[in-house]
Amino acid sequence: MNLRDLRYLVALSDLRHFGRAAQACHVSQPTLSMQIKKLEEEFGVPLVERAPRRVMLTPVGREIVDRAKHVIHDVEQMKELARRSRDPEAGSLRLGAFPTLGPYLLPHVLPALRKRFPKMELLLSEEKSDVLVSDLREGKLDAAFLALPLSDDRLYAEPLFEEAFLLAVPSGHHLANARHLRIGDLVDEQLLLLDDGHCLREQALDVCELAGAHEKPGFRATSLETLRQMVALGNGVTLLPDLSVRPPHVQPEGLELVRFEAPAPHRRIALAWRGSSPLDGLLRNVAATVRGAIAE
């Protein structure tokens, strides 16, 4: 048994297809099948239930995959620890961000990160928050930008900044020229919101509950850009995070932005990583650099 064969088994578990698993592992399908068979012979039990057009793991196969994931993760952590001990700021750093933050945060912080860590390769991934948390746990990411609070006590979160929400309304809306917008001004308004799974949706719903506003029925967007265009067309109002309205992002014609008076509704953004990560010192420096770039 070797680490390579365990990777093959994990890939097969994730993809449930010999061909796709072989492709993901950069080997031929016969090679992968043969190594899985050798694993089964070594363990003395079947790990995979082979059916036409379907691959399933046996109960013991599932348990072994769970343990294999921990083994692979621990080995990767050992390799990373050794490499980082030689040069903590060299090599690659796998960062994640959720869709309503990443495209708007990165233009502001990447120049500062490149300047501060010139030898570091940044590998960026964009996923919904629940996927990012899962990827952090499994070691697929080194750190991720997430909204607080986090419910996973295995992750450490370094607070970065608070991001205010603005109200986006169509031109001519009765709140478009408000100078001192209060939460209570949203009472009975119907807000356009994102689809399930976006943390911004939950944050906006919290504001709706506080303000006495409601979600507009029959509509859910998949991105902030869709929300922006729908507001510009006069189909409702929405909340937009501050970074999404800063340059270089331009608002469509027909959309007006209104700021809330203090204390404005906001979300708290943090950089999160595993509490056991050997990159703790480096990630604290990354967080400080991001915090400084946003404050400028």
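Residues numbered from 1 in each chain as written. Predicted model: local features only at pLDDT ≥ 70, side-chain atom pairs only at ≥ 80, totals over all residues. Heavy atoms only, no water.

## Concerning the nonpolar core
Item 1. With 72 residues, the main nonpolar core has Phe145, Leu167 and Leu271 as its most contacted residues.
Item 2. For this core, the leading source of residues is strand β6 (residues 155–170), giving eight residues.
Item 3. For Leu167, the contacting residues outside a window of four places in its chain are Leu175, Leu181, Leu186, Val237, Thr238, Leu239, Glu256, Leu257, Val258 and Phe260.
Item 4. Leu6, Val65, Ala68 and Ile72 belong to the second-largest nonpolar core, a separate cluster that totals 20 residues. (Core = buried A, V, L, I, M, F, W, Y, C linked by side-chain atoms within 4.5 Å. Buried < 20%, exposed > 50% of the residue type's maximum accessible area, 1.4 Å probe, protein only. Helix = DSSP H or I, 4+ residues; strand = E, 2+ residues; numbered from the N terminus. Contact = heavy atoms within 4.5 Å.)

## Quick notes on the packing of aromatic side chains
Item 1. The full count for this structure, using the stated rule, is one aromatic pair.
Item 2. Plain terms: the ring middles of Tyr156 and Trp273 are 5.0 Å apart, the flat faces sit at 55° to each other, and that makes the pair tilted. With Tyr156 in strand β6 and Trp273 in strand β11 (residues 266–274), this pair connects stretches of sequence that are 117 residues apart.
Item 3. Exposure remark for Trp273: the relative accessible area of 0% places this residue in the buried category. (Phe/Tyr/Trp six-rings, centres within 6.5 Å; stacked < 30°, edge-to-face > 60°.)

## A closer look at the packing of helix α1 (residues 3–15) against helix α3 (residues 29–43)
Item 1. Interhelical geometry of α1 versus α3 gives an angle of 105° and a closest axis separation of 9 Å. Judged by the angle between their axes, α1 and α3 are roughly perpendicular. Contacts from Arg4, Asp5, Leu6, Tyr8, Leu9 and Leu12 in α1 reach Leu32, Gln35, Ile36 and Leu39 in α3. (Axes fitted to C-alpha atoms, helices over the stretch in contact; angles between N-to-C directions. Parallel < 35°, antiparallel > 145°, perpendicular 65-115°, else oblique.)

## What to know about the pairing of strand β9 (residues 238–241)
Item 1. The alternating pattern of β9 places Thr238 and Leu240 on one face and Leu239 and Pro241 on the opposite face, and all of these are buried.
Item 2. In this sheet, β9 lies alongside β6 in antiparallel orientation, the contact comprising four bridges. Within β9, the position partnered with Ala168 by the bridge is Thr238. (Pairing = 2+ DSSP bridges.)

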